[in-house]
Amino acid sequence: MKIIDTNIVEEQGSRNEQEQIALSRHSEVLGEGAQERLSQLTIGVVGAGGIGSELIEKLMRLAPKRLIVIDDDIIEYTNLNRVVGSTYQDAAESASKVELVSRLISSFNPAQDFTAIKGDFLVSEHQEEFKACDVIFSATDNVVCRFATCALGLANGSAVIDVATGVVMDDQTIKAIGGQVYYITPASGWCPLCAGLYNQSEVSAGLLNPEELERQRAQGYVRGENIAAPQVGALNSILAGYAAWLFMRMVSGEELEFDGIAVDALTFSAHTWRENRETPNQCHYCSDDGNLMKGDSAEMVLRTDSNIDSDSILANVEEEPVEGDVHEESEEIDSDESKALNLDNNNPLHTSPVG
Amino acid sequence: MMEKQNVIIMRSHDFGALVEHLYADTAKEAMAIGYYRLSTTESSKRILVQGLSLPTVEDYAVRTPSLVSLGGEFLQNCFDRCEEDGLSIVDIHTHPWQEGARFSGIDDNEAREVKGPYLKQYLPEVNITYALFGSTPSDLRVRMWDSRDCEFVNVELAITW
């Protein structure tokens, strides 16, 4: 990643003394000018749960130009072991995760420009917000949302950094525990679908129809919403830390010689990996013949009925609410509606053109 | 009111090829044409560069140490590609003699009086963005031409992946 400031009028002294001191300890590590470049970036985070809140905690301290966060979930008592900043009172009041994020960012730095959306990422209005992002972190356990984030990033010239953790249990014994961080850019030449990181059925299973949910439970998988899976806050911190560090290395201009990092928390080890690119690439999402860098004319990965969600947008800037979003009661997405994602032979996901 | 930000985005292999072409002979100004699509939100415009056309020596109409322009046939081919593929144009040139690249009066005049009106009349679907490189590849200025308001819109950031 190379960032060039093309401003005609060079900004000088835009930070006050306290901000400069606050950022000074990592500025040297990032390299000359990198903090200023970082501060011009708009960063998105999809998911504000265990991993997402850890990411936000780290990213807000890097002082980006703007943060955009989305999550449709609320704080429950089962979240309190890992969601950064969450309290028993939040769980008692069923506070939304994005309320928590807003509190976290506002209390850290009231001057930080951010938008926090309580809603479903698979709704076109919400993805429109994320089109402004230079880098998007995918920190959701919903496979469809993770793939939709990649598709959106590739279409709009953004990098996507995907972070996930997993635990495999067998009769009260940990069989595997760890996680993975990988990044995709418009120049990567691959995406999770064509690389086989997700397959078509897995992507559809991300909408968690009851049969698939049952299958995942039976196999001991711990991914997916609404599964009372083991979740470890410390593991989230490790993976979020790797993701934030990866981002900082990208911003510093370093040519990264890998595509992902796999962490085995059982053996306290990590290794990088590189995806084998297929050439020519004819993927619908990551090739020049498909949606790659198509911008407004690209298709988004959306729910078939994309007007079924969204509650509120929280921000520290005055903003026009997205139509139909603010303070309206959202309809619950039940499992039948969740199955509405269509698949066909040519396009593995239902997509709707926007423009 | 949310602050707007405009960004131009290129893939590193395109950017590398562009820089190699533009700085092959720094005794003279050089040109190239990029093609882009837009990604637009309320708070941003992202100029997504899809590819390049790099002129050969024969494709220039004029090329001196302080003046450069492309020949009509080369430009026509570029415009044809835009029309066929629904693309817009990045008009790229260099001021290799200048630290801190600044668009010149000639650049302003050509954009306002020649290229802007031409595109508006004959290719209204094709937008144009201007990129100017100075003495080094990281010395870059970019501006979009807003054909509706007939004014330049600054592009604050360039990102290569």
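This text goes with the structure placed above it.
These numbers were taken from a predicted model, which means no experiment stands behind them. (Residues numbered from 1 in each chain as written. Chains lettered and ligands numbered in written order. Predicted model: local features only at pLDDT ≥ 70, side-chain atom pairs only at ≥ 80, totals over all residues. Heavy atoms only, no water.)

Caption draft 1: Geometry of the overall build of chain A. Of regular secondary structure, chain A possesses 11 helices and 12 strands. Counting only residues that meet the buried cut, chain A has 56% of its 355 residues in that class. Restricting to contacts in chain A with at least 6 residues of sequence separation, those with at least 24 account for 67%. Entry remark: accessible area of chain A is about 15800 Å², with carbon and sulfur atoms responsible for 46%. (Helix = DSSP H or I, 4+ residues; strand = E, 2+ residues; numbered from the N terminus. Buried < 20%, exposed > 50% of the residue type's maximum accessible area, 1.4 Å probe, protein only. Contact = heavy atoms within 4.5 Å. Areas by Shrake-Rupley, 256 points an atom, 1.4 Å probe, with all protein chains shown as cover.)

Caption draft 2: Up close: the state of the cysteines. By the definition in use, this model includes 0 disulfides over all chains. We note that B:C82 lacks a disulfide partner, and the nearest cysteine sulfur, in B:C78, lies 7.2 Å from it. (Disulfide = S-S within 2.5 Å.)

Caption draft 3: Here's a closer look at helix α7 (residues 143-155) of chain A. All names here are of chain A. Between its first and last C-alpha atoms α7 spans 18 Å; for 13 residues at 1.5 Å apiece the expected length is 18 Å, and the two agree. Among the 13 residues in α7, 13 count as buried, and that is most of the element. The N-cap of α7, judged by a side-chain oxygen 2.9 Å from the amide nitrogen of V144 a few residues on, is N142. Once α7 ends, the next one or two residues include G157, with phi positive near 75°. (Expected span 1.5 Å × (residues − 1). Polar contact = N/O pair within 3.5 Å; in protein donor to acceptor, adjacent residues only side chain to side chain.)

Caption draft 4: Focus on the packing of aromatic side chains. All names here are of chain B. The final tally for this structure, using the stated rule, is 14 aromatic pairs over all chains. Taking 6.2 Å as the distance between ring centres and 45° as the angle between the ring planes, the aromatic pair formed by F15 and F133 counts as tilted. Of this pair, F15 sits in helix α1 (residues 12-22) while F133 sits in strand β7 (residues 128-133), and the two are 118 residues apart along the sequence. Measuring from ring centre to ring centre gives 6.4 Å for Y23 and F133, while their planes differ by 90°; the resulting arrangement is edge-to-face. One end of the pair, Y23, is in the loop between α1 and β2 (31-40); the other, F133, is in strand β7, and 110 residues separate them in sequence. With a relative accessible area of 2%, F133 lands in the buried category. Over the ring of Y35 we find R81, and its NZ or CZ is 4.0 Å from the ring centre. One cation-aromatic arrangement involves R143 over F103; the distance from NZ or CZ to the ring centre is 3.8 Å. (Phe/Tyr/Trp six-rings, centres within 6.5 Å; stacked < 30°, edge-to-face > 60°. Lys NZ or Arg CZ within 6 Å of the ring centre and 35° of its normal.)

Caption draft 5: Just the nonpolar core, in detail. If you look at the biggest cluster of nonpolar residues, it comprises 88 residues, and the most contacted ones within it are A:F130, A:F137, A:I161 and A:F247. For A:F137, the contacting residues outside a window of four places in its chain are A:I43, A:G44, A:V45, A:V46, A:L55, A:L59, A:I161, A:A243 and A:F247. With 47 residues, the next largest nonpolar core counts A:I4, B:L123, B:L140 and B:F152 among its residues. (Core = buried A, V, L, I, M, F, W, Y, C linked by side-chain atoms within 4.5 Å.)

Functional significance is not addressed by these values, which are geometric in nature.
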